[in-house]
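Given next are the chains, with one letter for each unit.
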Amino acid sequence: MDMRLQGKIVVVSGASKGIGFACAEAFAAEGARVVLVSRSQVNLDAAAARLPTTPTPAPPFTFAADMTRADDAERMVAAVEMQVGAIDVLVNSAGAARRYAPADLDAQAWHDAMDAKFFSTIHPTDAVLKRMLSRKRGVIVNIIGMGGKVASPVHLPGGAANAALMLATTGLAAAYAACGIRVNGINPGGTLTGRVQEGLKAEAKLTGLAEADLLARNQAKIPLGRFAKPEEIASVAVFLASDQASYVTGAIVSMDGGASAVI
């Protein structure tokens, strides 16, 4: 299937590792001009070196910035538009809320989760939307998480931030559809990234079980029998960003292997 993304300028936040890097890699493989954004320039350089060199029309552009800061997000978007060109697609994959055992929660944990996950998406979205509005076109794909639909005792602040992002995604989609802008979200469940280990550590503290046993137990609960691969999430992001999904907006795609039987 031709996604018709050749030459499109695609900004991916959180692009140095995990799902964000998988998205950057997938868009580059489609021939898009990929912009990688992360807080660490060292990590960005390492990620850029791993991207495919063909059929991408030009080398990836990297920008070190902290998306929890609105001024950093604005500075990043302005630099990309000036040095690379008009942004066609924004993939928000930056930020992950820390997981806590319930007894370790305090007010700051809830604030930190909103900064880490919610505002790290809202800040670049706000900056990009202003430009997309002037052009009457653009696509935004938010990588959110199933914690916003199904509460987990070790992911309550992060789940609340995810739920807020789901509402923002569908609300912005409705508000800007008439302006030629599509906004969709993906809710990954368990995915084989470094963040899985953090969640297992919190769960181990809560339950007293070994992390390896918890991983096996968690995967056994999934009807498909395993966690997702980051590239599987990326494939859906590419589809949602492409013209093949031109009538899809306001959608939240659950990708948890059938683990959550909810609407």
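Higher on the page you've got the structure.
This is a predicted model, so every value here is computed, not measured.

S.K.: Mind showing me how you'd approach the overall build of the chain here?
M.R.: Within the chain, the secondary structure is distributed over eight helices and seven strands. What you see for the chain is a C-alpha radius of gyration of 18 Å, in line with the 18 Å of a compact globule of 263 residues. Expressed along its principal axes, the backbone C-alpha trace of the chain runs to roughly 50 × 40 × 35 Å. Counting over 263 residues, the chain shows a buried share of 48%. Distance from the positive charge centre (25 side chains) to the negative charge centre (23 side chains) of the chain: 3 Å.

S.K.: What is the right way to read the pattern of salt bridges from this model?
M.R.: Where charged atoms from two side chains of opposite charge come close, those side chains can pair. For the coordinates displayed, the defined rule picks out 11 salt bridges. Salt-bridge contacts for D243 lead to R4; the nearest nitrogen and oxygen are separated by 3.7 Å. A residue pair is termed long-range when its members are at least 10 positions apart, and D243 in the loop between α8 (230–241) and β7 (252–255) and R4 in the segment before β1 (9–13) qualify at 239 residues. Taking the relative accessible area as the measure of exposure, R4 reaches 43% and is therefore partly exposed. A salt bridge links E81 to R135, with the nearest nitrogen and oxygen atoms 2.9 Å apart. Taken together, the residues E81 in helix α3 (residues 70–83) and R135 in helix α4 (residues 107–135) connect sequence positions 54 residues apart. Within this structure, R69, D71, D72 and R75 form a network of salt bridges that share partners.

S.K.: What is the right way to look at the packing of helix α6 (residues 194–207) against helix α7 (residues 211–220) in this model?
M.R.: The geometry of a pair of packed helices is captured by two quantities: the angle between their axes and the separation between those axes. Interaxial distance between α6 and α7 falls to 9 Å at its minimum, and their mutual angle equals 105 degrees. When the interaxial angle is binned, α6 and α7 end up roughly perpendicular. Counted together, V196, Q197, L200, K201, E203, A204 and T207 of α6 and E211, L214, L215, R217 and N218 of α7 form the full contact between these two elements. Looking at the contact of α6 with α7 residue by residue, the class counts come to five nonpolar, three polar and four charged.

S.K.: Explanation requested: the packing of aromatic side chains in the structure shown.
M.R.: Ring pairs (aromatic) are described by centroid distance and by the angle formed between their planes. The full count for this structure, using the stated rule, is one aromatic pair. Seen in terms of ring centroids, F118 and F119 are 5.1 Å apart; in terms of plane orientation they differ by 80 degrees. Their pairing is edge-to-face. Since its relative accessible area comes to 15%, F118 is described here as buried. The ring of F21 is capped by R50, whose NZ or CZ atom sits 4.0 Å from the centre of that ring.

S.K.: Which parts of the structure should I look at to understand the side chain of S242?
M.R.: Within the secondary structure layout, S242 lies in the loop between α8 and β7. From its side chain, S242 meets the backbone nitrogen of Q244 in a polar contact 3.1 Å long. In this structure, S242 is in contact with M3, L5 and R182, ignoring residues within four places of it in sequence.

S.K.: What is the right way to look at unusual backbone geometry in this model?
M.R.: Negative phi is the rule for most residues except glycine; trans is the rule for most peptide bonds. With a phi close to 55 degrees, R4 is a non-glycine residue in the positive phi region. The phi torsion at K136 lies on the positive side, around 60 degrees, for a residue other than glycine. Its place among the elements puts K136 in the loop between α4 and β5 (138–143). For K136, a relative accessible area of 54% gives the class exposed.

S.K.: Hey, could you run me through the nonpolar core in this one?
M.R.: Nonpolar side chains tend to gather and get buried jointly when the protein is soluble and globular. Judged by nonpolar contacts, the single largest core of 33 residues is most densely connected at V12, F27, V34, L36, V91, V141 and I186. For this core, the elements supplying multiple residues, two or more each, are β1, α1 (18–29), β2 (33–38), α2 (41–50), β4 (89–92), β5 and α8. The element that contributes the greatest number of residues to this core is α1, accounting for eight residues. Beyond its immediate chain neighbours, meaning those up to four positions away, V141 contacts L90, V91, N92, N184, I186, A237, L240 and A241.

What counts and how
- Residues numbered from 1 in each chain as written.
- Predicted model: local features only at pLDDT ≥ 70, side-chain atom pairs only at ≥ 80, totals over all residues.
- Heavy atoms only, no water.
- Helix = DSSP H or I, 4+ residues; strand = E, 2+ residues; numbered from the N terminus.
- Rg over C-alpha atoms; globule rule 2.2 N^0.38 Å.
- Buried < 20%, exposed > 50% of the residue type's maximum accessible area, 1.4 Å probe, protein only.
- Lys, Arg positive; Asp, Glu negative; His and termini not counted.
- Charge placed at Lys NZ, Arg CZ, Asp CG, Glu CD.
- Salt bridge = Lys/Arg side-chain N within 4 Å of Asp/Glu carboxyl O.
- Axes fitted to C-alpha atoms, helices over the stretch in contact; angles between N-to-C directions.
- Parallel < 35°, antiparallel > 145°, perpendicular 65-115°, else oblique.
- Contact = heavy atoms within 4.5 Å.
- Nonpolar A, V, L, I, M, F, W, Y, C, P; charged D, E, K, R; others polar.
- Phe/Tyr/Trp six-rings, centres within 6.5 Å; stacked < 30°, edge-to-face > 60°.
- Lys NZ or Arg CZ within 6 Å of the ring centre and 35° of its normal.
- Polar contact = N/O pair within 3.5 Å; in protein donor to acceptor, adjacent residues only side chain to side chain.
- Core = buried A, V, L, I, M, F, W, Y, C linked by side-chain atoms within 4.5 Å.

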